[in-house]
Each structure stands twice: as C-alpha cells, then as structure tokens.
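Fold and contact review
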Amino acid sequence: MMSKFEELTELKERAEALPPEATEAIAELTLRITQLEESIGKENATAWDQVQLSRHENRPYTLDFIERLFTSFRPIHGDRRFADDTAIVGGMALLEDQPVMVIGQQKGRNTKERIYRNYGMAKPEGYRKAVRLMQIAEKFNRPILTFIDTPGAYPGTGAEARGQAEAIAHNLRTMAELQVPIVATVLGEGGSGGALALSLADRILMLRHSIYSVISPESCSAILWKDQAHTQQAAHALRLTAPDLEHFKVVDEVVPEPPEGAHSDWDAAAALVKESLLRNLGELQVQSAQQRLRGRSEKFRRIGEFVE
Amino acid sequence: MAWFKRDKPSVQTPAEEERRVKTEGLFTKCPDCNNVIWKKELEGLLHVCPKCAFHFKIDARQRLEFLLDGGQSEEFDAHLRSSDPLQFVDQKNYPDRLEKAIESTGCNEAVVNVQGSLKGHEVVCAAMEYRFIGGSMGSVVGEKITRAIEKSLQTRKPLIIVSASGGARMMEGVLSLMQMAKICTALAQLHQEKIPYISVLTDPTTGGVTASFAMLGDLNIAEPKALIGFAGPRVIEQTIRQKLPDGFQRSEFLVEHGMLDAIVPRKELRDFVADWLVFMSNGRSAGQ
Ligand SMILES: [Zn+2]
C-alpha cells in the first residue's frame, strides 16, 4: 500500500532509532528518487516511473491545490448519516470570484496526517458527503470541481457494512443526473472505483504525471504473476498514464506540469491547472444544461473497444 | 475491484470450483452439508440442495431458463467480442484467456442479454456468466449491459439484471473501470423514465459490478448466502490483518445492515419478481 516515497519519509522520520542497515536502505531509496526525477520529461520514462511520480512524497495534494486555485475556501463536513470522512474534503470556494463547489480526496504528508486522512482512502460516509455537497451545488446552480488523488476506496469491515459499493454506485448515478457543470481533475493517484466515484464529469483533466487505473500495479502483479516482482510490468500492461488515458478518450485534456514535475514547483503546477480549469469550465458554462447532460452521457457512452 | 479476488478465497469456505455442479458422474456432493444428491434430481430442484437449501452456482443460460417463461426468450447482441484494446500480456495472452473462456462456456462474453417474459410480463433480462473469466466486466460486458438498458428505454419493458461477477476486468484496464460510469449514465435515464429495474445479486457479486449497476435497482434482491461486497474478503483480511467472521459480506449480513431489500430463494424468485412487476407497472399506467 505504501509507496517508496512514503517508506522513505517514515524511515527518515525515525532515522536515529534505526539500525545501520537502514541507512543503506535510505541511501538506496534516495538514489531511486534522484533517478526518477531525472527521468521526468525523458522519452524513456516508464509507466512505473509515472506511478511513483504520482505518489511522490512532495507532490502537491488536493488542499495544496485548493489553496492556490481559489480564494475563500469554506469547508463543510459530514454526510448527515454517520460521520465525517477526513479522506474527502469539500466546500464552497471562489474561482476568480465565481462561487464553485470543490470536492476532493486528501492524502496526508507525514505519518500522523496520513493516518488522519486514512491514506486518502474514503469510506461510504466520504462518498455520501461528496454527493451531499454536489446536491447543494445543484440546488444553487453552481459548478462542481472535483479533485482525484486516492489509492482507492477503503477496503475495511465497517466500510463494507455501511455499503461502500452502494455509496459509489449512488454517486455515479447522481453525477450522471446533475444539471450543473462538473469538471474532474486527476492530481495524483486515480485509484479504481474510489477515484471513479468523483469522476463522472463533463470534462476529466489529468496532470501529466498522474495515473488512473482499474487496479494498483502491485495488486495486479500479485494476482496475475502471483508475486510482487512484476509490478513494473503490470504498470506498463495496465496503460495507466495520462497520455494512455487520453488515447483511450477517457481523459479530455492532459495538463502539463512544470519541467521538473509538480512536486518541484507547487505554484507553477497550480497555475497550469487553473488555466485548464477556467478554460474548460468556461466552455461548459456557455452550454445549456441539456447540452451538458447529453455531452456527458455521450462521452461515457463511447468508452470501450470491442468487435461486433 | 477486479474479478480474481474471489477466485481463491483464503477464507475457509469450500473452493469456488467445488461449489459448481460437477458435470461428470451421476451424483454430486453438496459443499455445505456434504449431502450426496442425484444430479437429475438437482436439476428439478433448480440446483438447490434439498437438505440444506444451499444454492449451487448456475450458468447464465440456465438462470434465464429458470427465471423466464419457457420458449419465449430471444437473445440479442450475442456476437459482441473483446478486441483486446490494451494488448494485455501477463503470464498468458488475454486473447488466449478469452478463447478458452468462449470454448468452455459457449458464450462470447460474460453476460447474456435476452428479451423474454416472466409470468407473462414482457421484460429485458441480462444474466452474467461467472464461468467467463470470473464474470468480470470489460468493454463488452459494459456495452451489452448498456444496450440492455437502452432496449428497456426503447421498449419501456422492465429490466432485470442477474449479477455474478468478481468486478472489473483487469486486462482491459481503465476501459473496464469506465464501463461502470457508462452503465450508470444509462441507468440514470432509466430511473428518470420510471422504467422498473430489478437487480438480482447472486454468489458472488463484488467490485465494480456491485459498485455500479448491481446496487442501483429499484429493488436489490439476492439469493441466500451469496457473497456480496465491494472489496473481496482476501483484500479486507490483508488490510485489517484479521480473519473475517463467518457470514461476513453474505446476503444475510447485508440485509441485517440495511443494504439489501430482500433475500429470495431461487424457487420463489419468479413469483417475487412477478408481483413486484405488477406493482411497478400498474402505478405508471394508472397514476399519470
Ligand atoms: Zn446441502
């Protein structure tokens, strides 16, 4: 579940208490990160490089983007049913003075925060909070902007008992019915159904070094190759990079990142996202609700390849 | 999320393979109570153990035969086949897996669509085929379910979907995942048109199928003791580092938590659905 970067951060946090062989492991991981950062923008950057970049320890998260994209962010909490899910944040915000509803998955940056955010893995109450916020936006005719960054929906016993599957399914159908414009932006990890639950949008934007996948490469390797040794191959086979998703017409636009990657310059990364958001939202807002609903439905209707 | 997670359950229950009626030999053993049953008799009992009421897995065509009126069903979109859009290779080629599944099931994909009737009610019905790569949903399953919904929209006939699936099909990557969005968008239209949709969940229904159309029926009903959930039991056990209690994620557990409308034994399914179809169709003609 944890990425190398997360492992590294945790190791560094505890460095003094660790045995000497840990120093070696830290050095190795640091070297890998250096190699990875060098691979950015290069032709031979592998799918696995992209996976690791999407989970980079310094990558800006949803709240980091919100801080840079909007003014007056006013978060609200809870699903009015069971609890507040801290893996999903949301509320009203101003995008260049225009009120919008912002909803996104939030990861933590250190051990304590990661636990608080449940590693960005939402439970049913998180998806139900999201849909509640969307319905407020619908009532007051405000656009919805979602931000995707999650390893997936949380696979726990409580989540199952409270209807994880039903919560996601309900979000999908509700998003298909909303009259207001919806733009989803994949910031980091687009992990399976947990990511999809916020992505049934008029436009899906995807940062250049983010990923979107039906399953993590680690789990895919464990299942199809019965080991962890083929994770890189699985990452490649799954076609999960932003250009792949643009090729399959799932994603409408790949948003460029600063030359060294989003983690190197959060302000520049946010500026690029903002440009794309404003343009896409502007295009949607000149359409009628009917046009948008038809467009949204046709967008998803076309996805898939088969022979008749 | 993906189909395989149920294939080799780490949980003590008998292996999935054993649950299926063995085709060789005249007798079969109930995996739940070890009762030895004469196969011919089992057929007449809709593949339900006469001693303990264990529901054996049945294939899609048999399901349709049990559920719908005899001699009335007409299959559609049977010819659709996967084109291997990702050119996915793991230890096997995906096309080889598909070929093998087609050969062993006699179906081109993991769902069978028909128009037929149920106790005289004309319906559109899609039944999933678990033997076809774990009933997993790729582009073809997504397309066929969507077309079944569209058939309902065009004809205004009620829709019944019988699920049996491990979820999204890994070998079609994100295209599989997006079928959930495609189907839910079509279901939103069906919902707005107030056309009845009854979802029947059978053992097992997990992952992306549960997290999309299987949980969006006007009624979500299940066979007894069916495994129904989002994450597979193995994934949950790995996450919480504990063994799951008996009965977790089974139909009875879901009803107890308010997540299912009813558990309906196989022999009562036709009557249960037919009565609800009366309720759902009469209101529309009389009330508007
Ligand atoms: Zn029995």
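Residues numbered from 1 in each chain as written. Chains lettered and ligands numbered in written order. Predicted model: local features only at pLDDT ≥ 70, side-chain atom pairs only at ≥ 80, totals over all residues. Heavy atoms only, no water.

**Here we look at the coordination of the zinc ion**
Residue and element names in this part refer to chain B.
- Looking at the zinc ion, the protein donor atoms are C30 (SG), C33 (SG), C49 (SG) and C52 (SG), and they sit 2.2 to 2.3 Å from it.
- The coordination sphere of the zinc ion comprises four donor atoms, whose angles at the metal cover 106 to 114 degrees; the geometry is tetrahedral.
- Each donor residue of the zinc ion belongs to the same chain, and together they define the spacing C-x2-C-x15-C-x2-C.
- The class of C33 is partly exposed, set by a relative accessible area of 23%. (Donors = N, O, S within 2.8 Å, 3.2 Å for Na, K, Ca; no water. Tetrahedral: all angles 85-135°; square planar, octahedral: opposite > 155°, others 65-115°. Buried < 20%, exposed > 50% of the residue type's maximum accessible area, 1.4 Å probe, protein only.)

**Quick notes on the pairing of strand β3 (residues 98-105) of chain A**
Residues and elements named next belong to chain A.
- Burial runs high along β3: six of the eight residues are buried.
- As paired elements, strand β2 (residues 88-95) and β3 share eight bridges and run antiparallel to each other. Paired with V89 across the two strands is G104, which belongs to β3.
- Judged from the four bridges that link them, β3 and strand β4 (residues 144-150) form a sheet pairing that is parallel. (Helix = DSSP H or I, 4+ residues; strand = E, 2+ residues; numbered from the N terminus. Pairing = 2+ DSSP bridges.)

**Here we look at the packing of helix α5 (residues 139-155) of chain B against helix α6 (residues 173-192) of chain B**
All names here are of chain B.
- For the pair α5 and α6, interaxial distance at closest approach is 9 Å and the crossing angle is 5 degrees. With respect to α6, the element α5 is oriented roughly parallel. Contacts between α5 and α6 involve S139, G142, E143, I145, T146, I149, S152 and L153 on the former and, on the latter, L175, Q179, K182, I183, A186, L187, Q189 and L190.
- Of the residues assigned to the contact of α5 with α6, the class counts are eight nonpolar, six polar and two charged. (Axes fitted to C-alpha atoms, helices over the stretch in contact; angles between N-to-C directions. Parallel < 35°, antiparallel > 145°, perpendicular 65-115°, else oblique. Contact = heavy atoms within 4.5 Å. Nonpolar A, V, L, I, M, F, W, Y, C, P; charged D, E, K, R; others polar.)

**Quick look at the side chain of N220 of chain B**
All names here are of chain B.
- Of note, N220 is situated in strand β9 (residues 219-222).
- From its side chain, N220 meets the backbone oxygen of M215 in a polar contact 3.1 Å long.
- Discounting residues that sit within four places of it in the chain, N220 has contacts with S199, L201, A214, M215, L260, D261 and A262. (Polar contact = N/O pair within 3.5 Å; in protein donor to acceptor, adjacent residues only side chain to side chain.)

**Quick look at the nonpolar core**
- If you look at the biggest cluster of nonpolar residues, it comprises 118 residues, and the most contacted ones within it are Y212 of chain A together with F213 of chain B.
- A per-element tally of this core places α6 of chain B first, with 12 residues.
- Of all hydrophobic cores here, the second largest spans 24 residues; its members include V200, A262, L269 and A274 of chain B. (Core = buried A, V, L, I, M, F, W, Y, C linked by side-chain atoms within 4.5 Å.)

**A few points about the environment of S192 of chain A**
- Turning to its location among the elements, S192 of chain A is positioned in helix α9 (residues 192-196).
- Once the C-alpha coordinates of S192 of chain A and R114 of chain A are considered, the two residues, 78 residues apart in sequence, prove to be 20 Å apart.

**Description of the confidence of the model for chain B**
Residues and elements named next belong to chain B.
- When the pLDDT values of chain B are averaged, the result is 91; 89% of them are 70 or greater.
- Confidence over residues 1-13 falls short of pLDDT 50; this stretch has 52 contacts with residues more than four positions distant or in other chains.
- Low pLDDT (under 50) marks residues 284-288, which in the prediction has five contacts with non-local residues, meaning those over four places away or in another chain.
- This complex was scored by the predictor with a pTM of 0.90 and an ipTM of 0.90. (pLDDT = per-residue confidence, 0-100.)

**Considering the sheet that holds strand β7 (residues 159-165) of chain B**
Residues and elements named next belong to chain B.
- Judged by pairing direction, the sheet is mixed, and its seven strands sit side by side in the order β3-β5-β6-β7-β8-β9-β10 without closing on themselves. Each having just a single partner strand, β3 (74-76) and β10 (262-263) make up the two edges of the open sheet.
- Pairing analysis gives four bridges linking strand β6 (residues 121-128) to β7, with the strands arranged parallel. What sits directly across from A126, in β7, is I161.
- Packed onto the sheet, helix α3 (residues 60-67) meets β3, β5 (111-118), β6, β7 and β8 (197-205) and runs at close to 155 degrees relative to β6.

**Let's talk about the pairing of β9 of chain B**
Residue and element names in this part refer to chain B.
- Side chains of β9 alternate between two faces, with L219 and I221 and N220 and A222 buried alike.
- Where β8 lies against β9, four bridges are found, and the strand directions are parallel. Paired with S199 across the strands is N220, a residue of β9.
- Two elements, β9 and β10, share two bridges in a ladder whose sense is parallel. If you follow A222 over to β10, its bridge partner there is I263.

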